[in-house]
Amino acid sequence: MKKRISITSFSLFFILFSYAQTLDSISNERLVTQFENLATQQLKENIYIHTDKDIYEPGENLWFKAYLLNGNDLKLSRKTSIIFVELLKLEKDHTDIILQEKYEADNGFANGHLFLAEILEDGTYELVIHTKNTLESNAKTIRAIKRIQLKTSIIPKILMDTEFSQKSYSRKQQVSMNVAVFSRSRLPFVNTSLIATLYAGSKKLDRVRLETYNNGEATVSFPVSKNKNATTIKLRVKDGKNSAEHSVEIPFKNVSEIQFGMYPEGGDLVANLPNTVAFKAVDHHGKPLNITGELYENDRKITSFESTHFGMGKFSFTPKTDRSYTVKIINPKIDIPFTVPSIKAKGIKLQVDRQNKKHVHFSITKTPDVSTQKVYIRAQSRGLVYWMATASLSKERVRFKLPLEKLPQGIAEVTIFNQNMAPIAERLVYANLDQKLHVSLNEISKSSFGQKDKVTLKFNVKDQFKNPAIANLSFSVCDHLYIDKENDYSIMPHYYLFSELKGHVYNAGYYFDHKNKNREKQLDLLLLTQGWRTYIWNETVFEKPMKPVKFSPDIRGKLYLKAENGTLQNAPNAEIRVVLPKSVRSSSVDASGMFSFSPSILKVAQGHQLTFFPMDTETMILTLENPFEEIVKLTDDKMFIFPETDFIKAAKKQSSYDLKFSFSETNYLEEVNLTTYKNRNKNRGNNYNYIGSSSDYVCFEYKILNCVNHKAGPKPEIGETYRLNDGSYVTYQGSVDDESTKNRGFVSTKGYYPEKEFYSPLYDKAEEKAFPDNRKTLFWAPNLVSDENGEITVSFYTSDVQTTFLGKLEGTNGNGLLGGTQFKFDVD
């Protein structure tokens, strides 16, 4: 590991590369070995989940691929053989567990599908993946998450357009908004009930009830006295059995709450030295807010500044300890000034002078009263140390340059340590933005396509040196209406920003789009404002391990001997049997009655149940551990984090639907019709025997065993067939608590989730095109591999849906390089 580290000694105004040296044993142990040992426990495995789309309808399959990479170097984590998948439903004050399933992992990848049953309610869900490595890590957060939306109707039957009377309002002006309510066919809803509620965040301020006019429109207004803290207006329309809701943000000139933060470069302001201060302004929703401001010294303006990127910017000045400094925001006008962070009378500053493709040039400055001393400089990325240097601060300024060739792509933390090896200044920089897989769409068979038309795409994959690269990638193409355009979640932002920084990163994909020419400077501004204190690999925020956490992915259980007095005793050296779909296996328990099987046995029973029972069912009782119960315990105190939504900015006109939606009859009548999904029970997996518990019930409405939406019902009957929440069917064999089951000693668990191939029709013949095709996901391929020339060719057919389709191809070469591309085409 240590061969990665370049160690240099320099002094004064330039770097002396006359020799390389090794650190002394004490500094090497403290600054490298201890740090890396601690860092490797923080995030043992970093998992990214690619799904075929973001928005689903009940009755569809969710297709996914999980990339299992080492948390430190982003190479494939090849030792994991099983993933534990949970589907959670997010409620206002709690989270419900909907499904818990197991899937096979192989050489750093796992893929499969999850059936979203028709009975699942509309709402926000999270697909969460756990592994032995993630469960045993010291991290307090879980980021192996993909958030999805479940909607019965993508385009509701009731639509709304809103338009405010002005582009923006002051708090002293009355807000007035016109609301147009209409159907998919653009027919107005006449004399229809409309409720408008005014909110300040989540607090309700006022409500009015209206009816639409003959043209389907209504005017909403509230008293000026309610404006002070108002933020949004929530509209609710009801017409018979159909209803719709739409929240509209009010475009106030001066929002009631603004968050303005100042972040000194290097960590602290130091008196009598040139200082750079980055700033970031966001509104009450956390959206970037472009501002203009002024810096005052003892009430005298000394400089002006303005945002240059997503509400961020910076200014420079030389502070004095005997003077006070404040910032005034003049646009939008904020009456209350902001106090500049505290100023240290003496100290050391670390600043970036410039950055090019090969080096980051730094300056270390100090106040005259800081004594000459030896300092250590360390550059680490994701918890691994790649470069170190020593310097003697005998002058007031020392310059050095960090060679970027030593670093992987990503955030690097450069830290100065004093002679006692205590950190005194830190700076984040971004290294090697182009050190990635360069994935490009080289050829598309047509500029536009018809219904049931053949699409052929040719991609090229190159490494950072622009040489052909072999990579494993996942590929999806779906209707644009099923993509969450307010959260562009993809593989590079996940690994390089979301997993590295705490807090929300607005429009993270922006920094990885080569079309944005100033993205390097803007990315540096992001790191200045997010601050080194939010870098998850900073050792000051590492969680010191209290005691090692252990989790076993094996199938484990215990066998007890039932004594004559009814007590249970260990049953050593006895034999148990496992009933598989096509065979029966035997195994012996150990001296304590314990037994275990590796996860490979779950593959044999994929789509079925494994049933365990003792050879002597009369005097022995068998119990089986449920790994998900242990997972719930281990993750109970952890934070589940998925990137926040990038809210759409308040505007004069706002609509309740995607403005790209076409109101042509071919598009919407077919697109939103869900009848193709109802009563579609094929390919749900084979029936298998099911042994449950005494709490089992069958819901009245759908006859589903332990229905997630209906929490009560009659007891299931032995021998009857029922449907589970995942859409599969089982034959009920009683519960573990039933006397008949207890006497037999049977205990069951499910194998891996059923395997299924993504259906992609071939329309080579005219007669095959006669059947309707309403597919929203045209193609899903989780394991595309580029050839030795770095090329991939993909072919598939369009459906009957006339819309814009969005595609994504992304993945890894398995050795630390990531990349991807996105594209779109139209079906007319």
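Conventions and cut-offs
Residues numbered from 1 in each chain as written. Predicted model: local features only at pLDDT ≥ 70, side-chain atom pairs only at ≥ 80, totals over all residues. Heavy atoms only, no water. Helix = DSSP H or I, 4+ residues; strand = E, 2+ residues; numbered from the N terminus. Buried < 20%, exposed > 50% of the residue type's maximum accessible area, 1.4 Å probe, protein only. Contact = heavy atoms within 4.5 Å. Areas by Shrake-Rupley, 256 points an atom, 1.4 Å probe, with all protein chains shown as cover. Phe/Tyr/Trp six-rings, centres within 6.5 Å; stacked < 30°, edge-to-face > 60°. pLDDT = per-residue confidence, 0-100. Pairing = 2+ DSSP bridges. Expected span 1.5 Å × (residues − 1). Axes fitted to C-alpha atoms, helices over the stretch in contact; angles between N-to-C directions. Polar contact = N/O pair within 3.5 Å; in protein donor to acceptor, adjacent residues only side chain to side chain. Salt bridge = Lys/Arg side-chain N within 4 Å of Asp/Glu carboxyl O.

Participant: Is there a simple way to think about the overall build of the protein chain in this case?
Facilitator: Helix and strand counts for the protein chain stand at eight helices and 53 strands. With 828 residues in all, the protein chain has 53% of them scored as buried. Contacts in the protein chain between residues at least 24 apart in sequence constitute 69% of all its contacts with a sequence separation of at least 6. Surface accessibility of the protein chain: about 37,700 Å² in total, with carbon and sulfur atoms responsible for 47%.

Participant: Teacher, can you tell me more about unusual backbone geometry here?
Facilitator: Most peptide bonds adopt trans geometry, and most residues besides glycine take a negative phi value. Geometrically, the link from Asn331 to Pro332 is a cis peptide bond, its omega value of -5° lying close to zero. Along the chain, Pro332 falls in the loop between strand S24 (325-331) and strand S25 (338-339). A positive phi is found at Phe310, a non-glycine position, where the angle reads about 50°. Not every positive phi belongs to a glycine, and Met421 is a case in point at roughly 65°. Within the secondary structure, Met421 sits in the loop between strand S32 (410-417) and strand S33 (423-431).

Participant: Please explain the packing of aromatic side chains as it appears in this structure.
Facilitator: Any two aromatic rings considered together are summarised by their centre-to-centre distance and by the angle between their planes. Inspection of the entire model under this criterion finds 41 aromatic pairs. Aromatic side chains Phe64 and Tyr103 sit 5.1 Å apart centroid to centroid with 85° between the ring planes, which places their arrangement in the edge-to-face category. Pair noted here: Phe64 is in strand S4 (residues 61-70) and Tyr103 is in strand S6 (residues 95-104), with a separation of 39 residues, a long-range link. For the residue pair Phe64 and Tyr103, the accessibility class agrees, reading buried in each case. With a centroid separation of 6.3 Å and 55° between ring planes, the pair formed by Phe475 and Phe796 is classed as tilted.

Participant: Sorry, what's going on with the confidence of the model for the protein chain here?
Facilitator: Model confidence for the protein chain is summarised by a mean pLDDT of 87, while 88% of its residues fall at 70 or above. In this model, residues 10-21 is a region of pLDDT below 50 whose contacts with residues beyond four sequence positions or in other chains number 35 contacts. A low-confidence stretch, residues 739-743 (pLDDT under 50), is modelled with 10 contacts involving residues beyond four sequence positions or located in other chains.

Participant: Is there a simple way to explain the sheet that holds S25 in this structure?
Facilitator: Two pairing modes exist for strands in a sheet, parallel and antiparallel, and in both the strands are linked by backbone hydrogen bonds. Spatially, S22-S21-S24-S25 is the arrangement adopted by the four strands of the open sheet, whose pairing is antiparallel. Each edge of the open sheet is held by one strand with a lone partner, namely strand S22 (300-306) and S25. Two strands pair when backbone bridges link them, and strand S21 (residues 292-297) and S24 are joined in this way by six bridges, in the antiparallel orientation. Considered in S24, the bridge of Tyr296 is made with Thr326.

Participant: How do you make sense of helix H4 (residues 519-530) when you look at a structure like this?
Facilitator: Because an α-helix completes one turn every 3.6 residues, residues spaced three or four positions apart along the sequence face the same direction. With 12 residues, H4 should reach 16 Å at 1.5 Å per residue; the first-to-last C-alpha distance of 16 Å fits that figure. Of all the 12 residues making up H4, 10 are buried; the element is thus mostly covered by neighbouring parts of the structure. Looking at H4, one finds that the buried residues are Arg519, Gln522, Leu523, Asp524, Leu525, Leu526, Leu527, Leu528, Thr529 and Gln530. Of the surrounding secondary structure, the elements contacted by the buried residues of H4 are strand S18 (259-264), strand S20 (275-282), strand S23 (312-317), S32, S33 and helix H3 (491-498). One or two positions beyond H4, positive phi appears at Gly531, with a value near 80°.

Participant: Before we go on, may I ask you to explain the environment of Leu407 in this structure?
Facilitator: Structurally, the position occupied by Leu407 is in the loop between strand S31 (397-403) and S32. Considered as a pair, Leu407 and Gln435 are 28 residues apart in the sequence and their alpha carbons are 9.8 Å apart.

Participant: Looking at this structure, how should I read the sheet that holds strand S14 (residues 203-211)?
Facilitator: Sheet architecture is open: four strands sit in the order S14-S13-S16-S17, paired in antiparallel fashion. Looking at the sheet topology across the chains shown, the edges are occupied by S14 and strand S17 (242-249). On average, each strand axis in the sheet is inclined to that of its neighbour by 15°, with strand direction left out of account. Taken together, the eight bridges between strand S13 (residues 193-200) and S14 define a ladder with antiparallel strand orientation. For Thr197, the partnering residue across the bridge sits in S14 and is Arg207.

Participant: What should I look at first to understand the side chain of Ser137 in this one?
Facilitator: Of note, Ser137 is situated in the loop between helix H2 (132-136) and strand S9 (141-142). Looking at Ser137, its side chain comes within polar contact range of the main-chain oxygen of Thr134, at 3.1 Å. In contact with Ser137, other than residues within four places in its own chain, are Gln41, Gln42, Leu43, Lys44 and Lys638.

Participant: Mind showing me how you'd approach the pattern of salt bridges here?
Facilitator: The full count for this structure, using the stated rule, is 29 salt bridges. The closest approach of N and O atoms between Arg147 and Glu126, which form a salt bridge, is 2.6 Å. Separated by 21 residues along the polypeptide, Arg147 in strand S10 (residues 145-150) and Glu126 in strand S8 (residues 123-130) bring together distant segments of the chain. Judged by relative accessible area, which is 27%, Arg147 ranks as partly exposed. Judged by its relative accessible area of 3%, Glu126 is buried. A single salt-bridge network, built from bridges that share partners, covers Glu297, Arg300, Asp322 and Arg323.

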